[in-house]
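# Coordinate analysis (summary)
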Amino acid sequence: VEAVLRLARERQVPVETRPREDLDRFVQGATHQGVLLEVGPYPYAEPEEVVAAALRGAEPGFLLVLDGIQDPQNLGAIIRSADAAGVDGCVIPKDRAAGVGPAAVRASAGAAEHLPIAQVTNLAAFLESLKSQGFWIIGTDAAGGRDLFDTDLPDPLALVIGGEERGLRHLTKQRCDLLVQIPSRGKIASLNASAAAAVCLFEVARQRRAKVRAAAGRD
């Protein structure tokens, strides 16, 4: 707590001391550790800025697009995996999807404060814009995609993950250059959204690492 208070003083953040009962009431049953911070709405990035930053990076652009994730816990977990896998930015719909609120931020373990996240009104149009700027659109489809681990994923790419129940919407699927699926040997047909996203994200990261090593070997 002393470290938090010291940082607050350095940043000129006003501090109030309240009884624990007040904190419990403020969070309405959510878990806390004795310190609360009141902040404004989440500062979403502009979609154009996210794309531009991905294209000017040292490595090929790597974006994550989420098509209708409803559960804030899933959203936060996916953001955490995306940050760990080296994603340049995440794009989510403005409507009919979870936004970055307290539950998502907590589930992201802080990643939501570091990974640029943008909202768009028309996801299909945004994907078309990405294609015009050289991105490959790779969608996940548990029912009919290619085997993820046998597919050479091109660069730069935007990985598109569908919602928990319906997967990718029809218009989104139409905008994809390639559909992939995670091969499963169990009796359960598919992974949940956050687990599937993590597998796909780190397969992209693995392939990129292998390409860098292969290029270094040729040099």
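See the structure shown above.
Everything quoted here is computed from the prediction, not taken from an experiment.

Conventions adopted
Residues numbered from 1 in each chain as written. Predicted model: local features only at pLDDT ≥ 70, side-chain atom pairs only at ≥ 80, totals over all residues. Heavy atoms only, no water. Helix = DSSP H or I, 4+ residues; strand = E, 2+ residues; numbered from the N terminus. Buried < 20%, exposed > 50% of the residue type's maximum accessible area, 1.4 Å probe, protein only. Contact = heavy atoms within 4.5 Å. Areas by Shrake-Rupley, 256 points an atom, 1.4 Å probe, with all protein chains shown as cover. Pairing = 2+ DSSP bridges. Axes fitted to C-alpha atoms, helices over the stretch in contact; angles between N-to-C directions. Polar contact = N/O pair within 3.5 Å; in protein donor to acceptor, adjacent residues only side chain to side chain. Phe/Tyr/Trp six-rings, centres within 6.5 Å; stacked < 30°, edge-to-face > 60°. Lys NZ or Arg CZ within 6 Å of the ring centre and 35° of its normal. Expected span 1.5 Å × (residues − 1). Parallel < 35°, antiparallel > 145°, perpendicular 65-115°, else oblique. Nonpolar A, V, L, I, M, F, W, Y, C, P; charged D, E, K, R; others polar. Salt bridge = Lys/Arg side-chain N within 4 Å of Asp/Glu carboxyl O.

## Description of the overall build of the chain
Looking only at helices and strands, the chain has eight helices and seven strands in total. Burial status across the chain gives 39% buried among its 219 residues. Put simply, 78% of the contacts in the chain that link residues at least 6 apart link residues at least 24 apart. Within the structure as shown, the chain displays about 13,100 Å² of accessible surface, and the carbon and sulfur contribution to it stands at 51%.

## Things to note about the sheet that holds strand β3 (residues 117–120)
What the seven strands build is an open sheet, ordered β3-β2-β1-β6-β4-β7-β5; its pairing is parallel. Lying at the two open borders of the sheet, with one neighbouring strand each, are β3 and β5 (146–147). The pairing of strand β4 (residues 136–140) with strand β6 (residues 157–162) spans four bridges and is classified as parallel. Residue pairing in the sheet places Trp-136 in a bridge with Leu-157 of β6. Sheet contacts for helix α3 (residues 47–55): β1 (62–67), β2 (89–93) and β3; angle to β3, the most-contacted strand, approximately 130 degrees. Contacts between helix α8 (residues 193–218) and the sheet are confined to β1, β4 and β6, with β6 contributing the most and set at about 165 degrees to the helix.

## Thoughts on the environment of Asp-147
Within the element layout of this structure, Asp-147 appears in strand β5. Residues Asp-147 and Leu-36, 111 residues apart in the sequence, show an inter-C-alpha distance of 45 Å. Ignoring sequence-local partners within four residues, the contact set of Asp-147 consists of Gln-181 and Pro-183. A polar contact of 2.9 Å, which involves the side chain of Asp-147, links it to the backbone nitrogen of Phe-149.

## Structural notes on the packing of aromatic side chains
Taken as a whole, this structure holds one aromatic pair when the rule is applied. Geometrically, the ring pair formed by Tyr-42 and Tyr-44 is edge-to-face, given 5.0 Å between the ring centres and 75 degrees between the ring planes. Classification of Tyr-42 by relative accessible area gives buried; the value is 16%. Residue placement shows Arg-25 over the ring face of Phe-26; its charged tip is 5.9 Å from the ring centre.

## Re α8
Over its 26 residues, α8 runs 38 Å from end to end, which matches the ideal 38 Å to within 8%, given 1.5 Å per residue. Within α8 the residues assigned to the buried category are Ala-193, Ser-194, Ala-196, Ala-197, Ala-198, Cys-200, Leu-201, Glu-203, Val-204, Gln-207 and Arg-208. On the buried face of α8, the contacting elements are β1, α4 (72–85), β4 and β6.

## Observations regarding the environment of Gly-163
Topologically, Gly-163 is positioned in the loop between β6 and α7 (170–175). Taking C-alpha positions, Gly-163 is 8.5 Å from Ala-97, a pair spaced 66 residues apart along the chain. Among all residues touching Gly-163, those that are not within four sequence positions of it are Asp-67, Gly-68 and Ile-69.

## Considering the packing of α4 against α8
At a closest axis distance of 9 Å, the pairing of α4 and α8 adopts a crossing angle of 10 degrees. If you check the angle between α4 and α8, you find them roughly parallel. Across the interface between the two elements, Asn-74, Ala-77, Ile-78, Ser-81, Ala-82, Ala-84 and Ala-85 of α4 pack against Ala-193, Ser-194, Ala-197, Ala-198, Leu-201, Phe-202 and Ala-205 of α8. Classifying every residue of the contact of α4 with α8 by side-chain character gives eleven nonpolar, three polar and no charged.

## Notes on the pairing of β6
Looking along a regular strand, one sees side chains alternate from face to face of the sheet. Within β6, six of the six residues are buried, which leaves it mostly tucked inside the rest of the structure. Alternating positions in β6 separate into two faces, Leu-157, Leu-159 and Ile-161 on one and Ala-158, Val-160 and Gly-162 on the other, with burial throughout. Where β1 lies against β6, six bridges are found, and the strand directions are parallel. When the sheet's bridge partners are listed, Leu-64 is paired in β6 with Leu-159.

## Brief notes about the pattern of salt bridges
Overall, the coordinates contain eleven salt bridges when judged by the stated rule. With its nearest N and O atoms 2.9 Å apart, the salt bridge here joins Arg-208 to Asp-155. Residue Arg-208 is located in helix α8, and its partner Asp-155 is located in the loop between β5 and β6; the two are separated by 53 residues in the primary sequence. Residue class for Arg-208 comes out buried when judged on its relative accessible area of 13%. The class for Asp-155 is partly exposed, based on a relative accessible area of 26%. Put simply, Glu-203 and Arg-206 hold a salt bridge, and the shortest N to O gap is 2.8 Å. Of this pair, Glu-203 and Arg-206 both sit in helix α8, three residues apart, which is roughly one turn of the helix.

Everything listed here is a matter of geometry and, on its own, says nothing about what the molecule does.
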